[in-house]
Amino acid sequence: MRLEAPIAMHRGERGDMANPAWLEGSIEPFGAEKLNELYSDGCNAQWQRAVDRLVSQGAVLEEDEARLRTRLDGRADAAGA
């Protein structure tokens, strides 16, 4: 799986071996410095380009596009991006 516009470190690992399909993990949000390093033109701009690609590939339903475009929940602005 490829993250189009990561704003956090995602870790996944197998959980209980009695259920090998079980996956555990964690999410650690990036700080402002890391976001600025990754997205010199702003995290929101990168996110919008990623949504554009997914829409053009038909991977996003029309009714979900508007919600995805606002998915950052202001985190880019809060991080100074």
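Residues numbered from 1 in each chain as written. Predicted model: local features only at pLDDT ≥ 70, side-chain atom pairs only at ≥ 80, totals over all residues. Heavy atoms only, no water.

K.L.:
Looking at this structure, I do not really get the overall build of the protein. What am I missing?
P.N.:
Helix and strand content of the protein: 4 helices and 2 strands. Traced from its N-terminal end to its C-terminal end, the protein shows the element sequence β-β-α-α-α-α. Within the protein, the fraction of its 81 residues that count as buried is 21%. Considering only contacts within the protein whose residues lie at least 6 apart along the sequence, 36% involve residues at least 24 apart. (Helix = DSSP H or I, 4+ residues; strand = E, 2+ residues; numbered from the N terminus. Buried < 20%, exposed > 50% of the residue type's maximum accessible area, 1.4 Å probe, protein only. Contact = heavy atoms within 4.5 Å.)

K.L.:
Looking at this model, I keep getting lost on the nonpolar core. Mind explaining?
P.N.:
One recurring pattern in soluble globular proteins is that nonpolar side chains are buried together. Judged by nonpolar contacts, Ala5, Ile7, Leu35, Tyr39, Cys43, Trp47, Ala50 and Val51 together constitute the single largest core of 8 residues. In terms of residue count, the dominant contributor to this core is helix α2 (residues 43-56) (4 residues). (Core = buried A, V, L, I, M, F, W, Y, C linked by side-chain atoms within 4.5 Å.)

K.L.:
Before we go on, may I ask you to explain the packing of aromatic side chains in this structure?
P.N.:
The final tally for this structure, using the stated rule, is 0 aromatic pairs. Over the ring of Phe30 we find Lys34; its NZ or CZ atom is 5.9 Å from the centre of that ring. (Phe/Tyr/Trp six-rings, centres within 6.5 Å; stacked < 30°, edge-to-face > 60°. Lys NZ or Arg CZ within 6 Å of the ring centre and 35° of its normal.)

K.L.:
In this structure, what is going on with the packing of α2 against helix α3 (residues 62-69)? I would like to understand it.
P.N.:
When two helices pack together, their arrangement is captured by the angle between the axes and the distance separating the axes. In contact at an axis separation of 10 Å, α2 and α3 are set at 170 degrees when each is read in the N-to-C sense. In terms of axis orientation, α2 runs roughly antiparallel to α3. Residues Trp47, Gln48, Val51, Asp52 and Val55 of α2 pack against Glu65, Leu68 and Arg69 of α3. When its residues are assigned to classes, the contact of α2 with α3 shows 4 nonpolar, 1 polar and 3 charged. (Axes fitted to C-alpha atoms, helices over the stretch in contact; angles between N-to-C directions. Parallel < 35°, antiparallel > 145°, perpendicular 65-115°, else oblique. Nonpolar A, V, L, I, M, F, W, Y, C, P; charged D, E, K, R; others polar.)

K.L.:
How do you make sense of the pairing of strand β2 (residues 23-29) when you look at a structure like this?
P.N.:
The side chains of a regular strand alternate between the sheet's two faces. Of all the 7 residues making up β2, 0 are buried; the element is thus mostly uncovered. Relative to β2, strand β1 (residues 8-14) runs antiparallel, the two sharing 7 bridges. In the sheet register, His10 faces β2, and the bridge partner there is Ile27. (Pairing = 2+ DSSP bridges.)

K.L.:
Got a minute to help me understand the confidence of the model for the protein in this structure?
P.N.:
The predicted coordinates ought not to be read in detail in places where the model reports low pLDDT. For the protein, per-residue confidence averages 78 on the pLDDT scale, and 80% of positions sit at 70 or higher. Here residues 74-81 scores under 50 on pLDDT; set against residues more than four positions off or in separate chains, the count is 11 contacts. (pLDDT = per-residue confidence, 0-100.)

K.L.:
Would you take a moment to explain α2 for this structure?
P.N.:
Each full turn of the α-helix corresponds to 3.6 residues, which orients residues three or four apart in the same direction. Here α2 is 14 residues long and its end C-alpha atoms lie 20 Å apart, about the 20 Å a rise of 1.5 Å per residue gives. Listing the buried residues of α2 in full gives Cys43, Gln46, Trp47, Gln48, Ala50 and Val51. Backbone geometry just downstream of α2 places Gly58 in the positive-phi region, at approximately 75 degrees. (Expected span 1.5 Å × (residues − 1).)

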